[in-house]
Amino acid sequence: MSRIAYINGRYVPKSHAQVAVEDRGYLFSDGVYDVLPVHGGKLAFAERYLDRLDRSLGELRIEKPMSRAALLHVMNEVIRRNHLRNCSVYVQVTRGVAPRDHKFPKGVKPSLLVMARTWKAPPPDLLAKGAAVITVPDQRWARRDIKCISLVANVLAKQAAAEQGALEAWLIDNDGMVTEGSSTSAWIATPKGELVTRPNGTEILPGITRSVVLDVVRDLGLTLQLRPFSREEAYAAREAFLTSTSSFVLPITRIDGKPVGEGKPGPIAARLREAYVKAAHHA
Ligand SMILES: Cc1ncc(COP(=O)(O)O)c(C=O)c1O
């Protein structure tokens, strides 16, 4: 549980935190966010996450609310005030508060919200059995590389997964290729054991966990292909897994109800999970 949030210059109990009705995040989804992992009380890979936040802000031409050092201070203060050790920190920046008008308002300061939340370990059963995913059409906008707060298409996809008893939805583009999950990056290992994940571009969010796992893959000397893969290729994969800040590396053992490989978590995902956790503790 975490109670204290930072909002526009003040640390306040979350139940008292308020945003203005004319905040452009609320009216237009005109804002960006990021979610950073905290392991043992310390932010992990903070520079990578803050580079992504800066990039998202730059792409939408939203001013930075404060310097990187000041933002790090606020995030650490939120962690400290909530007595958290293993958690995630949510940072949201919107263009600010102004009378409703689509054009950028002049002379408005961005709004900044920082919250933290205890990390929920995946149930042991999930790691032992692996997760199920479904596939659904990717109905998002064309700039998925920006971590924009407008997530309604992702919400619908995740809800569809939940309604079918799956953990995640893999999103399929117009060419029948997997882009990514609704809130996770998508990977497979081919029958020959080559790892495949889609290269960064406007079609996917550049996942930070994915970037750390890519470093691990290179360090371990595993074979990697950065290319899109199709739904059929995923059905025929030896292993499949997802990566994300909150799930780390999670094996996927069913896609659209079909077993992946032998229908059990495979050794590659397990090895990458272990290496990721080690890297996170030393980050
Ligand atoms: C659409 C999407 N893809 C991938 C990810 C995984 O990214 P990360 O590893 O930075 O958490 C997320 C995380 O929120 C996401 O929303």
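Note that the coordinates shown come from a computational prediction; the quantities given were computed from them, not determined experimentally.

Colleague: Where do I start with the packing of helix H6 (residues 208-220) against helix H8 (residues 267-282) in this structure?
Modeller: Between two packed helices, both the angle of their axes relative to each other and the distance between the axes serve to describe the pair. Where H6 meets H8, the closest approach of the two axes is 10 Å, and the angle between their N-to-C directions is 110°. By the angle class used here, H6 and H8 are roughly perpendicular. The chirality of how H6 crosses H8 is right-handed. In contact with Thr-209, Val-212, Val-213, Val-216 and Leu-220 of H6, H8 contributes Leu-272, Ala-275, Tyr-276 and Ala-279. Here the contact of H6 with H8 is composed, by residue class, of 8 nonpolar, 1 polar and no charged.

Colleague: Looking at this model, I keep getting lost on the domain arrangement of the protein. Mind explaining?
Modeller: A common measure of how large an interface is: the accessible area buried when the components associate. With domains assigned, the protein is organised as domain 1 (4-118) and domain 2 (124-282). Computed over C-alpha atoms only, the centres of domain 1 and domain 2 are separated by 26 Å. Between domain 1 and domain 2, the contact holds 20 residues from the first and 13 residues from the second. When residues of the side of domain 1 that touches domain 2 are traced back to their parent elements, those giving at least two are strand E3 (31-39), helix H2 (46-60) and strand E5 (87-94). The biggest single contributor to the side of domain 1 that touches domain 2 is E3, with 7 residues.

Colleague: Explanation requested: the sheet that holds strand E1 (residues 4-7) in the structure shown.
Modeller: Strand pairing in a sheet is mediated by backbone hydrogen bonds. Such pairs are either parallel or antiparallel. The antiparallel open sheet is built from 6 strands, whose spatial order is E2-E1-E6-E5-E3-E4. Among the strands making up the open sheet, the edge pair consists of strand E2 (10-13) and strand E4 (42-43). With 2 bridges connecting them, E1 and strand E6 (residues 111-118) associate as antiparallel partners. Note that in E6 the partner of Tyr-6 across the bridge is Val-114. Where H2 meets the sheet, it contacts E3, E4 and E5, and its direction lies at approximately 180° from that of E3.

Rules used throughout
- Residues numbered from 1 in each chain as written.
- Predicted model: local features only at pLDDT ≥ 70, side-chain atom pairs only at ≥ 80, totals over all residues.
- Axes fitted to C-alpha atoms, helices over the stretch in contact; angles between N-to-C directions.
- Helix = DSSP H or I, 4+ residues; strand = E, 2+ residues; numbered from the N terminus.
- Parallel < 35°, antiparallel > 145°, perpendicular 65-115°, else oblique.
- Left-handed = near helix turned anticlockwise from the far one by under 90°.
- Contact = placed C-beta atoms within 7 Å.
- Nonpolar A, V, L, I, M, F, W, Y, C, P; charged D, E, K, R; others polar.
- Domains from an automatic or database assignment.
- Pairing = 2+ DSSP bridges.

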